[in-house]
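# Overview (structure and organization)
Here is what each chain is made of, one letter per residue.
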Amino acid sequence: MSKIEKVLMTGKTNTTVNNTAGASRGHYDSLNIQLSSPGAKPAHVFSAIQPHPTAEQLFAGAWSACYTAAIGLVAREKKVVLPPDLSVEIEVDLGQTGQAYFIQARFHVRLPGVAQEVAEAIAHGAHDICPYSKATRGNIDVALNVLTS
């Protein structure tokens, strides 16, 4: 994988989860998505606020929705109750190395009150099973930061 030498722009989202629904918000409030599981009501709701969301924000929002669901699956498998203030922030950079363009991502997973070792196992397990993570594995650099406080 090539490292980005110059970041041109960053799309950033923050996804939070509660017992009934999730929400993903973009940086500067240009993206606001109410999340749901496949087949559940209501379906995804997109609210764009000027300026319109970038492709990097949309990708980060979709990836965080999928990844957050994967966290729930891994936690359930490990019999860990997730904290109500769980959140996932994903930053997707568009950058350049020489004349080539690349993307890279940074995940900030917050699992307050969960033991660090357990939280890291859940975060990495979710990255292993998330379809977006699988699709990008080996194609882009991804940094995973897990916070428990």
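Our subject is the structure that appears above.
Keep in mind the model is a prediction, meaning the values are calculated, not measured.

With that settled, consider the overall build of the protein. Of the regular secondary structure elements, the protein holds 3 helices and 7 strands. Taken from the N to the C terminus, the helices and strands of the protein come in the order β-β-β-β-α-β-β-α-α-β. Counting all 149 residues of the protein, 38% fall into the buried class. In the protein, once contacts between residues fewer than 6 apart in sequence are set aside, the share between residues at least 24 apart is 63%. Here the protein has roughly 8,300 Å² of accessible surface; of this, 56% comes from carbon and sulfur atoms.

In this section: the pattern of salt bridges. On inspection of all chains with the given rule, the structure shows 4 salt bridges. Counted as one network, the salt bridges with shared partners bring together Glu91, Asp93 and Arg106.

Right, let's talk about the environment of Val17 for a bit. Within the element layout of this structure, Val17 appears in strand β1 (residues 6-17). With 70 residues separating them in the primary sequence, Val17 and Ser87 have C-alpha atoms 6.6 Å apart.

What follows deals with helix α1 (residues 55-77). Each turn of an α-helix holds 3.6 residues, which means side chains three or four residues apart point in the same direction. Here α1 spans 33 Å end to end across 23 residues, near enough to the 33 Å set by a 1.5 Å rise per residue. Remark: Lys79 follows α1 within two positions and exhibits a positive phi of approximately 60 degrees.

To continue, consider helix α2 (residues 116-129). Its 14 residues place the ends of α2 20 Å apart at the C-alpha level, agreeing with the 20 Å of an ideal helix rising 1.5 Å per residue. Buried within α2 are the following residues: Ala119, Ile122, Ala123, Gly125, Ala126 and His127. Next to the buried residues of α2 lie α1, β6 (100-110), α3 (131-136) and β7 (141-147).

A word on unusual backbone geometry. Backbone geometry places Lys79, a non-glycine residue, at a positive phi of 60 degrees. By the element assignment, Lys79 lies in the loop between α1 and β5 (87-97).

Moving on, we get to the environment of Leu147. With respect to the helices and strands, the residue Leu147 is situated in strand β7. Sequence spacing of Leu147 and Val109 is 38 residues, and the spatial spacing of their C-alpha atoms is 6.1 Å. Setting aside chain neighbours within four positions, we find Leu147 in contact with Val109, Arg110, Leu111 and Pro112.

Right, let's talk about the nonpolar core for a bit. Soluble globular proteins: nonpolar side chains tend toward being buried together. In this structure, Trp63, Tyr67, Ile71, Ile90, Phe107, Val109 and Leu111 are the most contacted members of the largest nonpolar core, which totals 24 residues. Those elements that place two or more of their residues in this core are α1, β5, β6 and α2. Here this core takes 8 residues from α1, the largest share from any one element. In this structure, Val109 is in contact with Tyr67, Ile71, Ser87, Ala123, Leu144, Asn145, Val146 and Leu147, ignoring residues within four places of it in sequence.

Cut-offs applied
The numbering scheme is per chain: residues are counted from 1 as the chain's sequence reads. Totals for whole chains, interfaces and linings use every residue, but because this is a predicted model, local features are given only for residues with pLDDT of at least 70 and side-chain atom pairs only at 80 or more, for both listing and counting. By convention in this description, side-chain values take in all heavy atoms of the structure and omit both hydrogens and water. Helix and strand labels come from DSSP, where a helix needs a run of H or I of at least four residues and a strand needs a run of E of at least two; each type is numbered from the N terminus. Exposed residues in this analysis have more than 50% of their type's maximum accessible area, buried residues have under 20%, and partly exposed residues fall in between, with area computed by a 1.4 Å probe over protein chains only. The criterion used for residue contact is that any of the two residues' heavy atoms lie within 4.5 Å. All accessible areas in this document rest on Shrake-Rupley with a 1.4 Å probe, and a residue is counted as covered only by the protein chains that are shown. Here, a salt bridge means any side-chain nitrogen of Lys or Arg that lies within 4 Å of a carboxyl oxygen of Asp or Glu. Given a helix with a known number of residues, its expected span is that number minus one, times 1.5 Å. Throughout, nonpolar core names a set of buried Ala, Val, Leu, Ile, Met, Phe, Trp, Tyr and Cys residues whose side chains join them through atoms within 4.5 Å.

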